[in-house]
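Examination of the molecular architecture
Listed below are the residues making up each chain.
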Amino acid sequence: TWFKMAALLRSAKLVRLIPALSRQIGQNTTRLACSSVVSAGKYLQKPQFPHSPRFLCTTLSRPQDVTEQQEVQRQAPSRQDVRQVAMFEQMLRELDFSVRRTGRIVKSKLERVFNATVASGQITSKQALLLLRSCTMLSEETRDSKLALMDHMWNKMAEMGAKYDVSHYNAQLKIYLDIEHKFSATDFLANMEAKGIHPNRVTYQHLVTAYCQQGDIEGARKVLEFMKTKDFPITEAVFNALITGHSRAGDMENAKGILDVMRNTGVEPSLDTYTALLCAFAEHGDIPAIEETIAELEKTETSLMDSDHLQLVYSLATHGHSQHVPTFLEKIRHDRGYVQDAIITMSKLIIAECDDAAFQVFLTLPRVGTAEEGTEGDPNNGYFFIRNLVYHQRPIESLVKCCDELQERGIHTVPLQFALKCALEDNNAEYSYSIIKVLKEKDLPLRPHYFWPLLAACQEDSDAEGVMDILKNMQELGVPPDGDTYSKYFLTLFDESTDVKQKFQELGWSLGSDEVLALIRWEIQNNRLDAACTLLKEHEGENIIFEAYKMSLMEAFMKRQQDPLVFADLLDIIFKTQQSDRGEENDAVGYFLYNLLEDMWEGVAKRREETFHELLINLNNKGVRIPVNIVKGMDKFIRKHKYSPEVFQAAAAMADGPLNDRGERDSMFQPDEEGEVKVDVLDPQTIDQMENQLNAARSRGQSRRAAYLMRILIKANCLQGNIARALELKTEMDSLGEILYAVIYPTLIEALCKEGKVQEAWDMNQEFNRHYPSFVMNPWKYCSLVQALAENGRLQDALSTMDEMKAKGILSDFQLQNNFFLVLQRLAEGGDLESTRALFDKAMELGLLRPTSNLASNLITPFLLKDDLEGAWNVIKDCQEKYRILPRLHDVLCAYVEKGDTDNLQTAMDYISNTKGEMNMLYDLVFAFLAKGKYKEARKIIETPGMRSLDSRINWFANLCIQNNMEEALEQLVVQTKKLFGIDRDVMYTYLLQYYDQNQDGEKAAHVWTMMQEEDLLPKDSTLRLIANILHRNGQPQPADFPDWITAQEDTSSSSSDSDEDEKRQAVYWRMGPRARPQQTAVKDNGMEVEAESKASEPNPIPAITRACSEGDADAANEALAKAEAQGVPLTVGVLNKVLSTNLARGQLEEAEDIKNRMMAKDPEIMFNSASLRNRFIITYAIKDRMQDAIKVVEETVNDGKTPSVTSVRTLLHHLTSSGNVEGIRQLAQILDKLKTVREKVPVYSIDSYLFHALLNSNQVEEACNHLESIMSESEGKMRIVYPLMELMEKQNDAALDRVSATIEKVARFFNRYNPVVDLFLAYVNRNNMEEARHQLERFPAIEEEGNIIVGYAALCSQKKDTEALTRLMEVLPGFGNRKSLHYFLLRAHYDKDDVDGCWETYQGMLTEGIELDVLSQKRLAQILKKHGREAPFEEPPESFAFYKKKLDEMRLEASS
């Protein structure tokens, strides 16, 4: 057989073979030569098994497939074809991303793409081919699953009219080979021929492989003979298949002989060939042959890759030789991509029922940590492995074995519980029960909520029998259902008229405490309190926890009018039941009444006043008593609800002890046991009171108390600036032999320094060190002392103080750096060069400070003040050599330029070039020229070949210009860098706008918009908003085509003209600048292309159209368009899009529709499918209240596989909500849901929130509340309702607000969902209803835990510059965990309002709370202080706002990851 096969292969035409081999195995032939190239080749063309391709696009559409396609007559694509291609390409990109990331495709994702294609109603041949080829990448699916999916797709696509050719049949064959499916090659070929499709080379190669997989060499030989007659080349894949075929036929000699055949035909065996041979040995368990072959490979300096070892492991395991698997897994090197290759191999092994081998492969994966390592462990290691075992329902014994070993090795802490979770998520009841039984056998805890997913599935299907079966199984397993389980899943199956107690009896379930609890809840919820009383009396001995049904009882009282007598009977039963162990801490009835008053809203409380009063009277008559302190607490809410005094009297009658007079008030100051009073030392009135108490203590001879009061008064007088009084008190204390507390000395020393009492401050510091040698003052206090000593000529004492700082362990930090900068700055500006230099050198020597350019700039200042440039330059060079910094280099260069000192300037440039590089040198020179008005010289340098943008340098100079009002220099910087390589023009114009905003120059800001248009720049939304704000603040009229989003929102309320309103709103969404256009096609008239006639007398109107559009003149554009039509000038889609956009930007919807209809009438095939144009139509339709037209455009966009812009959809949703168009929102939601079948990621629009708002606006309050409750009852449900709540409060719709508030409370109490509660709290804060806001906070302390929502609201207030709301928020949340963010946003709001006092007050508040400024806030505070002529208490960060914002964003992103 071997000789026949060899002769057959030799006789093939090698002329055809060589090019084919070059195409097929070009990458693989290099693998023997160099193992370093192997990795690249391996990922470009994957071996047969078990790998999936790394790149979907290159895999699904290979170059050789071009030869497989039949020649098809080219036809012009229709509009529908273009839409279909666009949609499919988008979905293909999503699949491609999945393959790139994991090397495989999840079945659900492929099904989603296929279903979306089916929903479109049409499919092309190419799309069908790509879908079929994707089936080979479903590595986690079984063979039967893959085959079933492929057959379903094949038949469905055929029904849809997909035209199959040879490529589709080859793809089908490839799937058969992948799952080793047995089929009849003869029948397969007959089926192809019956369809008129002729097999090609690839078809026959696949058939050879199919025969070889079954060990049918004779069948393979016949196919090869036929290929010979067709002159088809024999590729490496055929040789590899023949090795497998001979092996599975039991002929290993011929299998090994294939290598010689390959060499004889001129083909050198590749690593794939050797891998096929090794797998053949593995299938036979011939380990010596494997080791011998690997040794031969290593002699050629070639080694197997990890993927090859995994194939070898798979072959060993699936053919009964698992005992040898560990030997070859030890050779794993963990090449790049190994993890995903191993995961695919594990899936294949689990499918092949080789669980032990799969587990051994899993153990080779690198792990983040182990559970034994405590906090560093990752308890989810093994997630994929366990899920696959459960997904494929491996025998429970195998699952338990693997889970036990995972736990023993510390890889997973609770593997069996996780396996149960996976089974429950798959809704696999039988498998879940098997795992639960194992948990029970191992005495692991079983909880009733483990069964909830199964119960929820039955409940969703209204399967009452299924629910009951599960409950019975729970009891059999020894996990009796608890009250929550009965309430959520059993009782909800019945209507309120059902006798549920009878149902329990019919099912044979005894009524224990859990069953009774569920029944009590059921009766209370159905407003049958008498039945609940009966149950409590009948089961008085049961341990029924009142807290378990307390919320149901409270809700019943608040939502429905109750009989006070029946309610009192029920509470009396509770009181008597818990009488034995009742106390103030656990008084059930007392706390119920207290919480009832606490939780009732204003409207509900007023309506229930009489009922509550009667309830208290009835309880008192029944002898119910509650603790005195609870009655006192109730009084607070009785006052708040403005109840009558009789209500309090009824509550007081129930108190179990005497109650003080209700009018008593605690005095303002109450001394403690020692007579000391806690006071505010900053309050002058309080200080006067302390002085009086001091005099009284002296007169009574209470020396200890007098000393205590003097200490407090010394600190208070220091803080008030009354140093003389503080020193008097200090002298008196010395005479008494008393010393100050350690914390008072720093305050006194700082106050003495400020007053210029240097000697006293020095003496006080010496005394402080004697009494408290280990106590460390705040670094700023030391800096104050150093500054005072140096300014008064006591330099040595100042240096000694710095030694003291070092000795006490003060370390360099940002605060110390800023404080010392101020010290050096003060000395330098006074011209004290000696002290400045001495202190700087001492700080560097001791390591107290880090050398920075800003800190060292104070060394240059004295020289510049004396105009000593040579001395300044020498200091700069000294700093560069010692610390690698160049302080105040720009100022020195500017001085050289101003004086025309070209020699020294050239010397400086040479030095800078050698130290910082030529590029930085050029920028330093450019900035110096610009700063001194040498614009021509600057331009020459900027135009230097090779000059590129350095963002940090440009940003620094731009901010310098803004801070120092260098308008002309900044303008020249923006103009001259226009053509600089890599420059961000949007950022440059932003700096210019910031300057104009700072100087309130709206006219020039408007000119920036013109400059952007001339430059054909498409600005960012943030830049557009900045321009809009500047124009609005300065009363500047807007350009006609300018998008003024913020201004439009602020002006619409005061605008009297509807057309003006529409025009302003329209502008926000308009975009200027070029867009990506579809291929331009000329408009046709009557089926013939209109040819433009060049007439000398009639100029071409196209430039006039373009010019009019750029100027935003819609009328001129329409007139020019009419002329173009009259002259027969060809009009491209791009030109028409411009005209339509211009009309829409001006709010001329009718004109735009007329143009569109006119053009489509001439050419029905013309497509106005530009995304930006459609978005403008959506917005304009919404503004014009043509909602159905807008929704129709959205639907067309989605059907084309595109996504409408977020702005356009939100605009439409806003207008639908405002008009209360509930059906429109639901219709839009259904359309947007289609995006999820087309795209992996779609924008989030919070449809539920809009729907809730619309329901309120349409007066459907009950439906809105039901909607809110329905959404929030789901674990993934999300809604934000702060704006609807604000609107209700603004409209003073108290009835609706009460109803919504009750629902919000129910959501919080029953579902633990606090987002609506936080929204209500924020709405009260926003409306300045602080009493209700505090009430909310008292009732729901968890509000403070929703930090993200609160901080988000603070950010919104900061954007609106609403400092009042931010201040209120901070006042009502004094203990909020993230007050730092609130302070930052308040500071930013004050900064945006140019409120320097507000900024300073916020800064002082932050210091009081011990909050440090971040660099962005420091930049803001330093700039606004500098702008208003004040000195910043720290060094201003040198970089731009954009730089620090980007840095902070990166830090937050890193922290979150």
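Each chain carries its own residue numbering, running from 1 in the direction its sequence is written. Local features in this predicted model are restricted to residues of pLDDT 70 or higher, and side-chain atom pairs are both shown and tallied only at a pLDDT of 80 or more, whereas totals for entire chains, interfaces and linings draw on every residue. Side-chain numbers come from the whole structure's heavy atoms, not from hydrogens or water.

In an α-helix there are 3.6 residues to a turn, and that puts residues three or four apart on one side. Helix and strand assignments follow DSSP, with helices taken as H or I runs no shorter than four residues and strands as E runs no shorter than two, numbered in order from the N terminus. In this scheme, a helix's expected span is set at 1.5 Å multiplied by one less than its residue total. Between the first and last C-alpha of helix α57 (residues 1021-1033) there are 18 Å, a value that for 13 residues agrees with the 18 Å anticipated at 1.5 Å per step. Immediately beyond the C-terminal end of α57, within one or two residues, lies G1035, with a positive phi of roughly 65 degrees.

Here we come to a negative patch on the surface. Exposure above 30% relative accessible area and the lack of any salt bridge qualify a residue for a patch; like charges then connect within 9 Å, and the nonpolar side chains Val, Leu, Ile, Met, Phe, Trp and Tyr within 5 Å. Residue burial considers only the protein chains on display, and all accessible areas are found by Shrake-Rupley using a 1.4 Å probe. Basic side-chain nitrogens of Lys or Arg form a salt bridge, by our definition, when they fall within 4 Å of a carboxyl oxygen of Asp or Glu. Only four residue types enter the charge count, namely Lys and Arg as positive and Asp and Glu as negative; His and the chain termini do not. Note on charges: their place is set at NZ of Lys, CZ of Arg, CG of Asp or CD of Glu. A contiguous patch of negative charge, built from E1111, D1113, D1115, E1119, E1150 and E1151, is present on the exposed surface. When residues of the negative patch are traced back to their parent elements, those giving at least two are α61 (1114-1127) and α63 (1149-1162). For E1111, the position within the fold is in the loop between α60 (1102-1110) and α61.

Moving on, we get to the packing of aromatic side chains. Centres within 6.5 Å make a pair out of two Phe, Tyr or Trp rings, where for Trp the six-membered ring is used; the pair is then stacked when the planes are under 30 degrees apart, edge-to-face when over 60, and tilted otherwise. Scanning the model with the defined rule gives 35 aromatic pairs in all. Taking the centre distance of 6.5 Å and the plane angle of 75 degrees together, the rings of Y176 and F188 count as edge-to-face. Of this pair, Y176 sits in helix α9 (residues 166-178) while F188 sits in helix α10 (residues 185-194); the two residues are 12 residues apart in sequence, bridging distant segments of the chain. Accessibility classification places Y176 together with F188 in one group, the buried group. Among the aromatic side chains, those forming a connected cluster through ring pairs are W154, Y164, Y169, Y176, F183 and F188. Over a ring means this: the NZ of a Lys or the CZ of an Arg is within 6 Å of the ring centre and within 35 degrees of the ring normal. Between the NZ or CZ atom of K1156 and the centre of the ring of F1177, over which it lies, the distance is 5.0 Å. Residue exposure (1.4 Å probe, protein chains only): buried if accessible area is under 20% of the type maximum, exposed if over 50%, otherwise partly exposed.

Two numbers describe how helix α74 (residues 1347-1359) lies on helix α76 (residues 1379-1392): the axes approach to 8 Å, and their chain directions differ by 10 degrees. Relative to α76, α74 is oriented roughly parallel. Facing α74, whose interface residues are I1350, V1351, A1354, A1355, S1358 and Q1359, α76 presents S1381, L1382, F1385, R1388, A1389 and D1392. Helix axes are fitted to C-alpha atoms over the stretch in contact, other axes to C-alpha atoms as well, and angles between N-to-C directions run from 0 to 180 degrees. Orientation categories follow fixed angle ranges, with anything under 35 degrees roughly parallel, anything over 145 roughly antiparallel, 65 to 115 roughly perpendicular, and all other angles oblique. Working rule for contacts: check all heavy atoms of both residues, and any pair within 4.5 Å makes them a contact.

Let's shift gears to the confidence of the model for the protein chain. Residues at a pLDDT of 70 or more form 83% of the protein chain, whose mean pLDDT is 78. Confidence over residues 1-77 falls short of pLDDT 50; this stretch has 153 contacts with residues more than four positions distant or in other chains. For residues 1044-1097, every residue scores under 50 in pLDDT, and the model assigns this stretch 94 contacts once sequence neighbours within four places are set aside. Each residue carries a pLDDT value, the predictor's own confidence for that position, ranging from 0 to 100.

Where α9 contacts α10, the two axes come as close as 11 Å, and the packing angle between them is 160 degrees. Relative to α10, α9 is oriented roughly antiparallel. Pair α9 / α10 crosses with right-handed handedness. For the pair α9 and α10, contact is made by V166, Y169, Q172, L173 and Y176 and by F188, N191 and M192, respectively. Each crossing is labelled by how the near helix is turned from the far one, with a counterclockwise turn of less than a right angle marking it left-handed and a clockwise turn marking it right-handed.

Time to look at empty space enclosed by the protein. Grid spacing is 1 Å over the protein atoms alone, the probe is 1.4 Å, and a cavity is where that probe fits but cannot get out, while a pocket is an open set with protein on both sides within 12 Å along at least five of seven lines and lining residues have an atom within 4 Å of a point. Grid points are joined across faces, edges and corners, and a volume is the space filled by probe spheres set on the points. Considering all chains together, one arrives at eight cavities of 30 Å³ or more under this definition. Taken together, 11 residues form the lining of the largest cavity, with E555, M558, A1302, E1305 and K1306 sitting closest to its centre. For the lining of the largest cavity, the secondary structure elements donating two or more residues are α31 (547-559) and α71 (1294-1311). Residue contributions to the lining of the largest cavity peak at five residues, all from α71. Put simply, Ala, Val, Leu, Ile, Met, Phe, Trp, Tyr, Cys and Pro go in the nonpolar bin, Asp, Glu, Lys and Arg in the charged bin, and everything else, Gly too, in the polar bin. Partitioned by chemical class, the residues of the lining of the largest cavity number six nonpolar, no polar and five charged.

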